[in-house]
Structure formats: C-alpha cells, structure tokens
Amino acid sequence: MSSSQNRNVLIEIYRDKRTVFTLSNIAMLTGETNYNSLIQKMFYYVKTGKLSRPRKGFYAKPDYNPLELACLLYTPCYISLEYVLQKSGIIFQYSSQITSISYLSRTVEIENSMYNYRKIKNTILINTKGIEHKENVNMATPERALLDMLYLNGETYFDNLNSINKGLIKKILPIYQSDVMEQRIKKIL
C-alpha cells in the first residue's frame, strides 16, 4: 500500500460532505474493492487521529455531526420527538438526548451523548410526509414530531403550540391510520 493510495482514501473522505461513514460508504466513495485493505487503512487513520471511530463499524471526521451519526446508527430512522419539539419551542423541558424514530427501541451512549430510539410501525416509519432531509440528516418537522409524540405517548402536554402549522398536521395525520389520534389532535388544537 503506497502512501499516495492511503492519502487518496483520506482525501476522498474529507472531500465528501458527510461527516460520518460506514465501511461500505467509504468503499463506495473511494472505489476500494479490497475489504481487508480498507479496514487496515481505517485502523491507521483512527490510530493517527485523522478519523475517529465513535462506534464499531462507524468512522467519522474529527468534528462530526452527532445528528448524522444518529441517522446512520439504525436505518431507517429520523430525528423526532423531544429533540425536535424542544428545538422548535413547543416543549420547554431541556434534554440533551437525541431522540429518533426507528424500527427498534434502544438507548445508546456514544462519546458522552445519549441517542434514544423509539420503535414505530413500519408503515409510519417509511412514510416521508413531514420529514426533511438536510445535510445528511433526516429530521421531522415540528408537526410530524408532535404527531409522533402523541402516537407513541398518548395524551401529552405541549407548552407552546403557536408555531404549529395546522394544515400540515392535517396532511400528515392520515399516515397514522388512527381515530384516537384524530380525537387527540382535535382536543389539543
């Protein structure tokens, strides 16, 4: 393995807009076909501090985006619930956890950050209404996050609903296929 080949892999990683990668992502990005060679290169980059390995099988640039890691750990998934509602000013209680919707329920701690995943029905999970994709992150709109919260937690108190787009709520609501959800929305809006 020549140092120019080594540099080419690292250059390709740093040129990419993503900040977190799986080994498969890196193989596709660089065109590297020798899996063992690629593992050795990644080991070297982590050892020399050029990349970090926040979790087995994941490689990241030094200042990686934790939201991007959250979306890559368990796919498909999207950031939602308390994280989005807090950032939108709909709930005021602070939590440093990154909350996501996925195909499983799990809480993971990585580098002093908590990643909380909540399971939801697959038909809801794969529906992209109310989910935005920006900078390699899938994130629910405040309206979708509110509906996810009501669906998973039942009756919930929200501190400030002034910024909620009621028209968007009505467009997203049918994906939950629930009369109970419709009653809950009528009650809070």
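Bear in mind the structure is a predicted one, so any value in this text is a computation, not a measurement.

Caption draft 1: Region of interest: the overall build of the protein chain. Across its full length, the protein chain holds 9 helices and 9 strands. Reported as C-alpha extents along the three principal axes, the dimensions of the protein chain are approximately 65 × 30 × 25 Å. Among the 189 residues that make up the protein chain, the fraction classed as buried is 43%. Expressed as a percentage of contacts within the protein chain between residues at least 6 apart in sequence, the contacts between residues at least 24 apart total 58%. When the accessible surface of the protein chain is totalled, it reaches about 10,700 Å², and 48% of it is carbon and sulfur. Of the charged side chains in the protein chain, 25 are positive and 16 negative, and the gap between their average positions amounts to 4 Å.

Caption draft 2: Region of the structure containing the nonpolar core. Formed by 45 residues in total, the largest nonpolar core has its most connected members in Ile79 and Leu146. Filtering out sequence-adjacent residues up to four positions away, Leu146 remains in contact with Leu85, Ile90, Phe158, Leu161, Ile164, Ile169, Ile185 and Ile188. Formed by 11 residues, the second largest nonpolar core is a distinct cluster that contains Leu10, Phe21, Met42 and Tyr59.

Caption draft 3: Structural detail: helix α7 (residues 142-153). Under the 1.5 Å per step criterion, the end-to-end length of α7 is 16 Å for 12 residues, consistent within 8% with the ideal 16 Å. Along α7, the positions that sit buried rather than exposed are Glu143, Arg144, Ala145, Leu146, Leu147, Asp148, Met149 and Leu150. The positive-phi residue at the C-terminal boundary of α7 is Gly154, with phi of around 75 degrees.

Caption draft 4: Representation of the packing of aromatic side chains. Per the counting criterion, the structure on display carries 3 aromatic pairs. Ring centres of Tyr74 and Tyr117 lie 4.9 Å apart, and the angle between their planes is 85 degrees; on these two criteria the pair is classed as edge-to-face. Within this pair, whereas Tyr74 is found in the loop between α4 (66-73) and β4 (78-79), its partner Tyr117 is found in strand β7 (residues 113-119), the two being separated by 43 residues in sequence.

Caption draft 5: View of helix α3 (residues 35-47). End to end, α3 covers 18 Å across 13 residues, agreeing with the expected 18 Å (1.5 Å per residue, within 8%). Regarding α3, its N-cap is Asn34, as a side-chain oxygen of that residue lies 3.2 Å from the backbone nitrogen of Asn36 further along.

Caption draft 6: Broad picture of the packing of helix α2 (residues 23-30) against α3. At a minimum axis separation of 11 Å, α2 and α3 run at an interaxial angle of 105 degrees. In terms of orientation, α2 lies roughly perpendicular with respect to α3. Residues Leu23, Ile26 and Ala27 of α2 lie in contact with α3, whose contacting residues are Tyr35, Leu38, Ile39 and Met42. Classifying every residue of the contact of α2 with α3 gives 7 nonpolar, no polar and no charged.

Caption draft 7: Quick peek at the side chain of Arg184. Within the secondary structure, Arg184 is located in helix α9 (residues 179-188). Although buried, Arg184 forms no salt bridge, and the nearest oppositely charged side chain, Glu155, lies 4.1 Å from it. Apart from residues no more than four positions distant in its own chain, Arg184 is found in contact with Leu150, Tyr151, Gly154 and Glu155.

Caption draft 8: Highlighting the pattern of salt bridges. Counted according to the given criterion, the structure contains 6 salt bridges. Between Arg144 and Asp148 there is a salt bridge, with the nearest N and O atoms lying 3.6 Å from each other. Within this pair, Arg144 and its partner Asp148 are both found in helix α7, separated by 4 residues, close to a single helical turn. Each member of the pair, Arg144 together with Asp148, is buried. A salt bridge links Glu155 to Lys187, with the shortest nitrogen-to-oxygen separation between them at 3.6 Å.

Conventions adopted
- Residues numbered from 1 in each chain as written.
- Predicted model: local features only at pLDDT ≥ 70, side-chain atom pairs only at ≥ 80, totals over all residues.
- Heavy atoms only, no water.
- Helix = DSSP H or I, 4+ residues; strand = E, 2+ residues; numbered from the N terminus.
- Buried < 20%, exposed > 50% of the residue type's maximum accessible area, 1.4 Å probe, protein only.
- Contact = heavy atoms within 4.5 Å.
- Areas by Shrake-Rupley, 256 points an atom, 1.4 Å probe, with all protein chains shown as cover.
- Lys, Arg positive; Asp, Glu negative; His and termini not counted.
- Charge placed at Lys NZ, Arg CZ, Asp CG, Glu CD.
- Core = buried A, V, L, I, M, F, W, Y, C linked by side-chain atoms within 4.5 Å.
- Expected span 1.5 Å × (residues − 1).
- Phe/Tyr/Trp six-rings, centres within 6.5 Å; stacked < 30°, edge-to-face > 60°.
- Polar contact = N/O pair within 3.5 Å; in protein donor to acceptor, adjacent residues only side chain to side chain.
- Axes fitted to C-alpha atoms, helices over the stretch in contact; angles between N-to-C directions.
- Parallel < 35°, antiparallel > 145°, perpendicular 65-115°, else oblique.
- Nonpolar A, V, L, I, M, F, W, Y, C, P; charged D, E, K, R; others polar.
- Salt bridge = Lys/Arg side-chain N within 4 Å of Asp/Glu carboxyl O.

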